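# Fold and contact review
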Number of protein chains: 2
Amino acid sequence: MTKKNATIYDISKKLNVSVATVSRALNDNPRISQATKDLVIKTAKEMNYKQNNLAKALKSGETKNVGIIVPYINTNFFSSVIRGIEEELSLHGYHVIICQSHEDVLTEKKHLNTLLNAQVDGIFMSVSRTTVDTKHIQQILDTSNTPIIFFDRKKDIPGISTVTIDDYKGGYMATEHLIEEGYKNICHFAGDLNLEIYQNRLNGYKQALIDHKFKVKEENIISTGSSIDAGIEAIKTLWSRPSIPDAIFSSSDFAALGACQELKKRKIKIPQEVAVIGFSNEPFTQFMELPMSSMDQTPLIMGNMAGQVFIDHIKDNSSGVSIEKKVVLAPQICVRKSSKRK
Amino acid sequence: MTKKNATIYDISKKLNVSVATVSRALNDNPRISQATKDLVIKTAKEMNYKQNNLAKALKSGETKNVGIIVPYINTNFFSSVIRGIEEELSLHGYHVIICQSHEDVLTEKKHLNTLLNAQVDGIFMSVSRTTVDTKHIQQILDTSNTPIIFFDRKKDIPGISTVTIDDYKGGYMATEHLIEEGYKNICHFAGDLNLEIYQNRLNGYKQALIDHKFKVKEENIISTGSSIDAGIEAIKTLWSRPSIPDAIFSSSDFAALGACQELKKRKIKIPQEVAVIGFSNEPFTQFMELPMSSMDQTPLIMGNMAGQVFIDHIKDNSSGVSIEKKVVLAPQICVRKSSKRK
DNA sequence: TTGTACGCGTTATCAG
DNA sequence: CTGATAACGCGTACAA
């Protein structure tokens, strides 16, 4: 006794009208009399008719599904961007499919293909750390019409729209803030420089120093990951040297947190002796023993914008044009106790 | 110059064989000679053929998509459960579609219907706060074969499998821990009692008190939401009374955080004067000024289990049976400084 | 205003 | 081993 969905054919049989009439009535086609329309809609409801979007999609070529590929879904940043995308797109009747690359380019490639097989109408992605070569993405561009939109972690590929924050500016602002607070020897915890975002944060840091007549010292740039442990290690390294920094601009909140922990252990006072500012404005930063300054990436807005860019693409595409959009959002500095000496 | 996907029909024309042969070759059907198989596969690759899952799904009735409905995706708990589900199901070739109910039963109902229209093979959901009446869910059960699986926030509906943690035990454990630490006047911040989880945490709290010969005082049960502000307000209320508590078991980490903030403001020492333990083990709890005790809900495991229950359903269903599973996971207590007086 | 018939891309059944 | 053809459920040009 398996329950089977009613189809327009079932309705047409019951009412002794053609399937075309039923289809048109349900789609509110003006060429159908109000009487039959009402009748069809009523019996459809009675028979618990549900439109099979699959059949519709096969015919129209539109699934009303989009795919999102992120490294991991359960981080504050990515889940917030996804929320932003979902809320924007659900207004237009789209569903979002989530995939995790686990920072692995092969997994990313696999998901790209399965999403394409699933006939999604578009793909949003933040590339994995291990994505250096971008042939697999380029190939999709060459062989399909499915629009791809990068958010946050982008690669420069002609024809792909991007939504990012101005990481360069973010790095610049954070560093300048530390300078304005009177710190003189500012070091930087750099992230994976294979990713543009970290490269840009570093460049912003450097330029802010230069613009304020400070020297950029290579030994002040420590390559950390985005983990607490990496931050702890970085402090150990820095404090084993003759010249000690009085401020840290970390490209990661987690590394910054590790730094705070290790500094506390060494009884080094924040922000009196050392200032700390992170990046991402993770929720925990404001609840820390000493609330930590950070750069907010406005992930919800980023998601909304990405959604809008996609909708624009769809519209453009139907009118033949196809424009590449580059949306750059401004990061917001959140100054808290960890970097306020004045 | 729009790019169109190659179909098996295109391949069949090119090779002068029938579409049936092509389809069989691509599906590795044993009744096809190795020679033609190789040829078909080779030209398919050359023509950049991609299988159209839509057509396949229309034929087979399986989309290999499942839907997940949660209140909001960008919370640590829900995004982690989703991660768990995704990782389990992707092993079996399923994609996950995410929807947010925004704690609104009407939105929840709408998503339920659009997911059904999209022909998903199953639906995972955590009901919204405003879901009291469950007719909309019952109706789906009556009219479709799509399995529904509740996780965390469930309703008791026959025929629906659930994956939850033992919130009763969680409440019991948290309370008992406070008792064992020597606290005598333990109050409880209760969540929305329309949700079973909060009801169960409350019941566990009560039973633990009773089992240890304490009186359950109704005035010690404060109905807070899950916000920081609610926790602050609760402290204000409690401390305006003649009898003051010496411990708080909060059903929400955020309310517990608010309590900690307000207690600090009033110079009341944690854990010497008052102990605090929360629920959910939010990431911030371990980074607080005073690391806060909490109950971990093992969300990743919950997601994995929910995925497995779904897979079991699919298997059962194909063999005609359909069993209702109830998986209950044990919460893990995380004791930190905020509740350790000894 | 309504009906007929075809196509979307696959898989599966039946012949050969 | 391979081919022709009928489904799957819907929308729509073309007819009436």
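Note that this is a predicted model, so its numbers are computed, not measured.

## Notes on the overall build of chain A
The helix and strand tally for chain A stands at 12 helices and 12 strands. Overall, the C-alpha framework of chain A stretches about 90 × 40 × 35 Å when taken along its three principal axes. Each of the 342 residues in chain A was classed as buried or not, and the buried ones make up 54%. Counting contacts in chain A only where the partners sit at least 6 residues apart, residues at least 24 apart contribute 74% of the total.

## Some words on the relation of the copies chain A and chain B
Here chain A sits on chain B after a turn of 180 degrees about the axis and a move of 0.1 Å along it, with an RMSD of 0.2 Å. On this basis, the relationship between the two copies can be described by a two-fold rotation axis. Within chain A, Glu 289 of chain A has its C-alpha nearest the rotation axis, a separation of 1.6 Å. A shared binding surface is used by both copies, with 100% of the interface residues of chain A retained as interface residues in chain B.

## Points about the protein's contact with DNA strand D
For DNA strand D, the set of nearby residues contains 27 residues, the closest of which are Ile 8 and Tyr 49 of chain A together with Thr 21, Arg 24 and Lys 59 of chain B. For DNA strand D, the fraction of atoms within 4 Å of the protein that belong to sugar or phosphate moieties is 58%. At 2.9 Å, a side-chain N or O of Gln 51 of chain A approaches a phosphate oxygen of DNA strand D. Within the residue set of the surface near DNA strand D, elements represented by two or more residues are helix H2 (19-26) and helix H4 (53-60) of chain A together with helix H2 (19-26) and helix H4 (53-60) of chain B.

## Focus: the pairing of strand S5 (residues 161-165) of chain A
Residues and elements named next belong to chain A. With five of five residues buried, S5 is to be regarded as a mostly interior element. Side-chain alternation along S5 places Ser 161, Val 163 and Ile 165 on one buried face and Thr 162 and Thr 164 on a second face that is also buried. Here four bridges tie S5 to strand S11 (residues 326-329), and the two strands are oriented parallel to one another. Residue pairing for S11: Val 163 is matched across the bridge by Val 327.

## Some details on the pattern of salt bridges
Side-chain pairs of opposite charge can arise where the charged atoms are in close proximity. Residue and element names in this part refer to chain A. All chains considered together, the criterion is met by 30 salt bridges over all chains. Note that Glu 262 and Arg 266 form a salt bridge whose closest N and O atoms lie 2.7 Å from each other. The class for Arg 266 is partly exposed, based on a relative accessible area of 35%.

## Considerations on the protein's contact with DNA strand C
Surrounding DNA strand C, one finds 26 residues, the nearest of these being Thr 21 and Lys 59 of chain A together with Ser 23, Tyr 49 and Lys 59 of chain B. What you see for DNA strand C is that sugar and phosphate hold 59% of its atoms within 4 Å of the protein. At 2.9 Å from a phosphate oxygen of DNA strand C is found a main-chain nitrogen or oxygen belonging to Ser 18 of chain A. Between Asn 52 of chain B and DNA strand C, the recorded distance is 3.3 Å, taken from a backbone N or O atom to a phosphate oxygen.

## Topic: the packing of aromatic side chains
All names here are of chain B. Tallied over the entire structure, the rule returns 16 aromatic pairs over all chains. An angle of 85 degrees between the planes, with centres 5.2 Å apart, marks the rings of Tyr 94 and Phe 310 as edge-to-face. Highlighted residues: Tyr 94 in the loop between helix H5 (76-90) and strand S2 (95-100) and Phe 310 in helix H12 (residues 299-318), separated in sequence by 216 residues. Residue class for Phe 310 comes out buried when judged on its relative accessible area of 0%. Centroid distance Phe 254 to Phe 284: 5.1 Å. Interplanar angle 55 degrees. Geometry classified as tilted. Of this pair, Phe 254 sits in helix H11 (residues 253-265) while Phe 284 sits in the loop between strand S9 (275-277) and strand S10 (294-296), and the two are 30 residues apart along the sequence.

## Details of the UniProt feature "domain: HTH lacI-type" (unreviewed entry) in chain A
According to UniProt, the positions carrying the feature "domain: HTH lacI-type" (unreviewed entry) are residues 6-60 of chain A. Secondary structure content for residues 6-60 of chain A is 67% helix and 0% strand, and the end C-alpha separation is 21 Å.

## Some details on the state of the cysteines
Within this structure, the stated rule accounts for zero disulfides over all chains. The structure places no disulfide on Cys 260 of chain A, whose sulfur is separated from the nearest cysteine sulfur, that of Cys 187 of chain A, by 12 Å.

## Here we look at the nonpolar core
Counting 82 residues, the largest nonpolar core has Phe 124 of chain A together with Phe 124 of chain B as its most contacted members. With residues up to four places along the chain from it excluded, the contact list for Phe 124 of chain A reads Val 66, Gly 67, Ile 68, Ile 69, Ile 85, Leu 89, Ile 149, Phe 151, Ala 306, Gly 307 and Phe 310 of chain A. Within the second largest apolar cluster, 44 residues are counted, among which are Ala 234 of chain A together with Ile 222, Leu 257 and Cys 260 of chain B.

## Here's the deal with the sheet that holds strand S4 (residues 148-151) of chain B
In space, the 12 strands of this open sheet follow the order S11(A)-S5(A)-S4(A)-S3(A)-S1(A)-S2(A)-S2(B)-S1(B)-S3(B)-S4(B)-S5(B)-S11(B), with mixed pairing throughout. For this open sheet the edge positions go to S11 of chain A together with strand S11 (326-329) of chain B, each flanked by a neighbour on one side alone. Each strand axis lies, on average, 20 degrees off the axis of its neighbour in the sheet, ignoring direction. As judged from the three bridges shared by S4 of chain B and strand S5 (residues 161-165) of chain B, these two strands associate in the parallel manner. Bridge pairing in S5 of chain B links Phe 150 of chain B to Thr 162 of chain B.

## Some remarks on the packing of helix H8 (residues 167-180) of chain A against helix H9 (residues 196-211) of chain A
Residue and element names in this part refer to chain A. Running from amino to carboxyl end, H8 crosses H9 at an angle of 40 degrees, the nearest separation of the two axes being 6 Å. Our classification of the angle between H8 and H9 gives oblique. The handedness of the crossing between H8 and H9 comes out as right-handed. The segment H8 lies against H9, with Asp 167, Tyr 168, Gly 171, Tyr 172, Thr 175, Glu 176 and Ile 179 engaging Ile 197, Asn 200, Arg 201, Asn 203, Gly 204, Tyr 205, Gln 207, Ala 208, Leu 209 and Asp 211. Partitioning the contact of H8 with H9 into residue classes produces seven nonpolar, six polar and four charged.

## Points about helix H6 (residues 105-117) of chain A
Residue and element names in this part refer to chain A. Helix length check: H6 (13 residues) gives 18 Å between terminal C-alpha atoms against 18 Å at 1.5 Å per residue, within 8%. Inspection of H6 places Thr 107, Glu 108, His 111, Leu 112, Leu 115, Leu 116 and Asn 117 among the buried residues, and these make up the whole buried set. A positive phi of about 60 degrees marks Gln 119, the residue just after H6.

## A word on the environment of Thr 237 of chain B
All names here are of chain B. Structurally, Thr 237 is set in helix H10 (residues 228-238). The class for Thr 237 is partly exposed, based on a relative accessible area of 36%. Sequence spacing of Thr 237 and Ile 69 is 168 residues, and the spatial spacing of their C-alpha atoms is 36 Å.

## Details of the interface of chain A and chain B
Contacts between chain A and chain B engage 52 residues on the former and 52 residues on the latter. Here chain A packs against chain B, burying approximately 4,600 Å² in sum over the two surfaces, 54% of which is carbon and sulfur. Contact with chain B buries surface across chain A, with Lys 3, Leu 54 and Phe 287 of chain A losing the most and accounting together for 15% of the total. Summed over the shared surface of chain A and chain B, the result is zero salt bridges. Counting across the chain A and chain B interface gives 18 residue pairs in polar contact (both at pLDDT 80 or more). Elements supplying a minimum of two residues to the side of chain A that touches chain B: H4, helix H5 (76-90), strand S2 (95-100), H6, helix H7 (135-143) and helix H11 (253-265) of chain A. Its residues placed into classes, the side of chain A that touches chain B shows 21 nonpolar, 24 polar and seven charged.

Calculation rules
Residues numbered from 1 in each chain as written. Chains lettered and ligands numbered in written order. Predicted model: local features only at pLDDT ≥ 70, side-chain atom pairs only at ≥ 80, totals over all residues. Heavy atoms only, no water. Helix = DSSP H or I, 4+ residues; strand = E, 2+ residues; numbered from the N terminus. Buried < 20%, exposed > 50% of the residue type's maximum accessible area, 1.4 Å probe, protein only. Contact = heavy atoms within 4.5 Å. Least-squares fit on C-alpha atoms with pLDDT ≥ 70 in both. Near = heavy atom within 4 Å. Polar contact = N/O pair within 3.5 Å; in protein donor to acceptor, adjacent residues only side chain to side chain. Pairing = 2+ DSSP bridges. Salt bridge = Lys/Arg side-chain N within 4 Å of Asp/Glu carboxyl O. Phe/Tyr/Trp six-rings, centres within 6.5 Å; stacked < 30°, edge-to-face > 60°. UniProt positions renumbered as here; feature names shortened; annotations may be inferred. Disulfide = S-S within 2.5 Å. Core = buried A, V, L, I, M, F, W, Y, C linked by side-chain atoms within 4.5 Å. Axes fitted to C-alpha atoms, helices over the stretch in contact; angles between N-to-C directions. Parallel < 35°, antiparallel > 145°, perpendicular 65-115°, else oblique. Left-handed = near helix turned anticlockwise from the far one by under 90°. Nonpolar A, V, L, I, M, F, W, Y, C, P; charged D, E, K, R; others polar. Expected span 1.5 Å × (residues − 1). Buried area = accessible area lost by both parts, 1.4 Å probe.

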